[in-house]
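One letter stands for each residue in the lines below.
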Amino acid sequence: MTGISLVEYFQKVSERLPTEAERVLLALMEQGSMNKEELSLTAKVKRAVLDHVVMQLYALGLVDVSTEGKSKICSVTKLGGDFLTLIKKAS
């Protein structure tokens, strides 16, 4: 049985994610945690698309989503930061 390295895994993941995912991660890395409205504007991703992207990133453990009142606050996880660093180096 052959395994793949974490870098190879991250490369495969990045190929399957929508192009907006990198913009969302970059915005969260650069600006910090924010609600979905701010994230939509900062990352230049339509709100309907953003919900889909955030849920994919959340399922992979790359972002965290918490609730504050009626707002959903998104933040990048350490794994998300590592993912972004590795895919930037690979490209």
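The rules we used
- Residues numbered from 1 in each chain as written.
- Predicted model: local features only at pLDDT ≥ 70, side-chain atom pairs only at ≥ 80, totals over all residues.
- Heavy atoms only, no water.
- Helix = DSSP H or I, 4+ residues; strand = E, 2+ residues; numbered from the N terminus.
- Rg over C-alpha atoms; globule rule 2.2 N^0.38 Å.
- Buried < 20%, exposed > 50% of the residue type's maximum accessible area, 1.4 Å probe, protein only.
- Contact = heavy atoms within 4.5 Å.
- Areas by Shrake-Rupley, 256 points an atom, 1.4 Å probe, with all protein chains shown as cover.
- Patch = residues over 30% accessible without salt bridge, like charges linked within 9 Å, V, L, I, M, F, W, Y side chains within 5 Å.
- Salt bridge = Lys/Arg side-chain N within 4 Å of Asp/Glu carboxyl O.
- Phe/Tyr/Trp six-rings, centres within 6.5 Å; stacked < 30°, edge-to-face > 60°.
- Expected span 1.5 Å × (residues − 1).
- Arc of directions from axis to C-beta.
- UniProt positions renumbered as here; feature names shortened; annotations may be inferred.

Caption draft 1: Representation of the overall build of the protein chain within the structure. Scanning the protein chain from terminus to terminus reveals five helices and three strands. Seen in sequence order, the protein chain has helices and strands lined up from the N terminus as α-α-β-α-α-β-β-α. Taken over C-alpha atoms, the radius of gyration comes to 13 Å for the protein chain, in line with the 12 Å a tight globule of 91 residues would show. Once the C-alpha set of the protein chain is aligned to its principal axes, its extents read approximately 45 × 20 × 20 Å. In the protein chain, which comprises 91 residues, the share counted as buried stands at 33%. When contacts within the protein chain are restricted to residue pairs at least 6 apart in sequence, those whose partners lie at least 24 apart make up 52%. For the protein chain, the accessible surface area stands at approximately 5900 Å², while carbon and sulfur atoms represent 54% of it.

Caption draft 2: Structural view of a nonpolar patch on the surface. On the surface, Ile4, Leu6, Tyr9 and Leu60 cluster together into a nonpolar patch covering about 380 Å² of accessible area. Along the chain, Leu6 turns up in helix α1 (residues 6-16). Since its relative accessible area comes to 52%, Leu6 is described here as exposed.

Caption draft 3: Representation of the packing of aromatic side chains in the model. The tally for this structure, following the rule as stated, stands at two aromatic pairs. Between Tyr9 and Phe10, the aromatic rings sit 6.2 Å apart at their centres with planes inclined by 40°, giving tilted as the arrangement. Overall, Phe10 belongs to the buried group, its relative accessible area being 4%. On the basis of an interplanar angle of 90° and a centroid distance of 5.1 Å, the ring pair of Phe10 and Phe83 is categorised as edge-to-face. Of this pair, Phe10 sits in helix α1 while Phe83 sits in helix α5 (residues 78-90), and the two are 73 residues apart along the sequence. Among the aromatic residues, ring-to-ring pairing joins Tyr9, Phe10 and Phe83 into one connected group.

Caption draft 4: How the structure looks around α5. Under the 1.5 Å per step criterion, the end-to-end length of α5 is 18 Å for 13 residues, consistent within 8% with the ideal 18 Å. Burial in α5 covers these residues: Gly80, Gly81, Phe83, Leu84 and Ile87. When α5 is viewed along its axis, its buried side chains cluster within an angular range of 160° and face the same direction. Facing away from the buried side of α5 by over 90 degrees, the exposed positions are Lys78 and Lys89. Where α5 is buried, its residues contact α1, α2 (20-31) and β3 (71-76).

Caption draft 5: Structural view of the UniProt feature "domain: TFIIEalpha/SarR/Rpc3 HTH" (unreviewed entry) in the protein chain. UniProt records the feature "domain: TFIIEalpha/SarR/Rpc3 HTH" (unreviewed entry) for residues 19-66 in the present numbering. Between the end C-alpha atoms of residues 19-66 there is a gap of 24 Å, over a span that is 69% helix and 12% strand.

Caption draft 6: Looking closely at the pattern of salt bridges. Summed over all chains, the structure comprises four salt bridges. For the salt bridge of Arg47 with Glu37, the shortest nitrogen-to-oxygen distance reads 2.5 Å. A residue pair is termed long-range when its members are at least 10 positions apart, and Arg47 in helix α4 (residues 47-59) and Glu37 in helix α3 (residues 36-43) qualify at 10 residues. Exposure remark for Arg47: the relative accessible area of 33% places this residue in the partly exposed category. A relative accessible area of 47% places Glu37 in the partly exposed class. In this structure, a network of salt bridges that share partners links the residues Lys36, Glu37, Arg47 and Asp51.

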